[in-house]
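Next come the chains, spelled out residue by residue.
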Amino acid sequence: MATAAPPPRRRTFRLAPYGFLAPAIVLFSLMFALPIGYAGYLSFRKIHIQGLGLGPGSRSEGWAGLSNYASALSDPELLNGTARVLVYGAMLVPVMLGLALLFALLLDADKVRLRAFSRIAIFLPYAIPGVVASLLWGFLYLPTTSPGYFLLGKLGMSGPQLLSGHGMYVALANIAVWGGTGFNMVVIYTSLRSIPAEVYEAARLDGASELQIALRIKIPMVLPSLVLTFFFSLIATLQVFSEPTTLAPLTNGISSTWSPLMKVYRDAFVRGDIYSASATSVVIAAVTLVISFGFLKLVGSRAYGEQQ
Amino acid sequence: MTQDATRVSVPVSGSPLTSRLRRIGWAPTLGLLAGAVYCLIPVVWVLVAATKSSAQLFTSFTLFPGTGLLSNLHDLSAYRNGEFWTWMLNSAFYAGVGALLSAGVSGVTGYALAKYRFAGRNAIFNTLLAGVLMPPVVLAIPQYLLMAKAGLADTYWSVLIPSILSPYGIYLARIYAAGAIPDELLEASRIDGASEWRTFRSVALPMMMPGLVTVFLFQFVAIWNNFLLPFIMLGDDSKFPVTVGLFTLLKQGAAAPALYTLVITGSLISVLPLIALFLSLQRYWRLDLLSGAVKS
């Protein structure tokens, strides 16, 4: 691209960045912009049926106005799914980030043994696919295959029912906590390590305890990475799909519309109604974008690590 | 746990030496070990469960190894003429080729965004980055419909092409390029008469390599672990990656519990390549890039 253009140099220099960006721009247009535009278009369309809807030509696609949006927004399943995801997120995000912060602080504490082993073990679940993680935990939740239930049974107790009712939220949140804590821990730990040691020495000279140093110095100084991890966790929570989908075959407690994205999938591929699925997905995308930008605005724009 | 951890490690006032000797660090160590055990439980369970025959799976104590590992492996390999290994190869193909292309595209894009000043730079960067906020289902359904129109649905391309552009990889590559490549070197190369592309190829790219290995790793894991995109795009079992393959096995297992042992053995094998990659390339898991902290 940029190679083809001969001197004058100034000109190549000005055009070169666009050449470098061309592959990304083409891919973005084809794989992001075009599909989103197409989903927007479909959300205003629907199938019009003439007569009984039998025979060729009796079904034709036409404009639907806002009717798909009206039915998407008034569908109680979308609201219920959103409520379920909010409950799930309210359990998951604080526990996951709390544990990640705790483990990061422990890793950073003095005189810790087996530091490398613990760090790798806690980060390991990141390498395990969400589907496989749900599968493994799914078997651990099943009383017939779980060591936990076996031990409780020996003690004459019965374990909690995790695959039905409210236990389901615990079951799903636990899978995500398990999979996400290590990643967030390493992010927070890395930013803890970048705090200069002099800061602690000054505090110790002033007689601060390790707990005080953790609470008053370390946590405030890693706040930016906590904000970052919170933001990514929030987005991942809103988009939950694989975990409940994978657990579903093991239980009756997860409907095909458990999370909003599962409902979109069902509408599009099980019911074959791509129009209302598109309207719902546009609504979900809009809500995600509003939350994301609102959040970023609140936190303030971040610098990208280069000298302007 | 926090309370205990910190109470024990409170330094005793006095000389720094004695206070250091008194601090044993048992509480934080035990806290971390508890976390490690929690994270390893499912891994240990699957290691043990994979050794059990389907009769043993539901009858013997779950953390007691069985005798069926070899026959499980044999059954898994025999399942529909070795379909499981086809899934593994498919996963390796999608993740390997996809991550390689992704690292390449992220590399040139991040370099251009970090090292050039041009009209629309921030607009382009923010637009590319906004892609990370799009819920995958919202993208995947119209992607599928468009792929179907182009005659590409249910092909290898339909999973590979959407995996190449990674907003996240571009973000990492930009930060890495900004921190690792001094402007003076680029200037020197230009003064020597090298073209912009040659400057990138022979000066910038080698310096960006460690960062691009990181991008490759993240993207490899992301594609290997991806479920939704292939789940939506593919209908033909022989093109499934291992995540979708195992899911279909599990779904059938609800009716035929004998398949559960295959699912469990398959799960174990499916995570081995990732764990190996993960442990062997540890120094490239540069999460500090995430918080924008690169020491140049």
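Residues numbered from 1 in each chain as written. Chains lettered and ligands numbered in written order. Predicted model: local features only at pLDDT ≥ 70, side-chain atom pairs only at ≥ 80, totals over all residues. Heavy atoms only, no water.

Where an unreviewed UniProt entry is consulted, chain B appears under the name Carbohydrate ABC transporter permease, with the organism given as Streptacidiphilus cavernicola. The record in UniProt for chain B states the following under Subcellular location (unreviewed entry): "Cell membrane". Quoted straight from UniProt, the Sequence similarities (unreviewed entry) entry for chain B says "Belongs to the binding-protein-dependent transport system permease family." (UniProt positions renumbered as here; feature names shortened; annotations may be inferred.)

The name an unreviewed UniProt entry assigns to chain A is Carbohydrate ABC transporter permease, from the organism Streptacidiphilus cavernicola. Database annotation for chain A, UniProt heading Subcellular location (unreviewed entry): "Cell membrane". UniProt, in the comment section headed Sequence similarities (unreviewed entry), describes chain A in these words: "Belongs to the binding-protein-dependent transport system permease family."

Draft legend 1. Representation of the interface of chain A and chain B in the model. Tallying the contact residues gives 98 residues for chain A and 112 residues for chain B. Across the chain A/chain B interface, buried area totals approximately 9900 Å², and carbon plus sulfur atoms make up 80% of it. Between chain A and chain B we count zero salt bridges in total. There are six residue pairs in polar contact (both at pLDDT 80 or more) connecting chain A and chain B. With 21 residues, helix H1 (residues 9-42) of chain A is the single largest residue contributor to the side of chain A that touches chain B. Here the residues of the side of chain A that touches chain B sort into 71 nonpolar, 19 polar and eight charged. (Contact = heavy atoms within 4.5 Å. Buried area = accessible area lost by both parts, 1.4 Å probe. Salt bridge = Lys/Arg side-chain N within 4 Å of Asp/Glu carboxyl O. Polar contact = N/O pair within 3.5 Å; in protein donor to acceptor, adjacent residues only side chain to side chain. Helix = DSSP H or I, 4+ residues; strand = E, 2+ residues; numbered from the N terminus. Nonpolar A, V, L, I, M, F, W, Y, C, P; charged D, E, K, R; others polar.)

Draft legend 2. Local environment of the packing of aromatic side chains. All names here are of chain A. Counting across every chain of the model gives 43 aromatic pairs over all chains. Taking the centre distance of 5.3 Å and the plane angle of 45 degrees together, the rings of Phe44 and Tyr69 count as tilted. Of the two residues, Phe44 is situated in the loop between H1 and strand E1 (45-49) and Tyr69 in helix H2 (residues 67-74); the sequence distance between them amounts to 25 residues. Look at Phe44 and you get partly exposed, because its relative accessible area is 32%. (Phe/Tyr/Trp six-rings, centres within 6.5 Å; stacked < 30°, edge-to-face > 60°. Buried < 20%, exposed > 50% of the residue type's maximum accessible area, 1.4 Å probe, protein only.)

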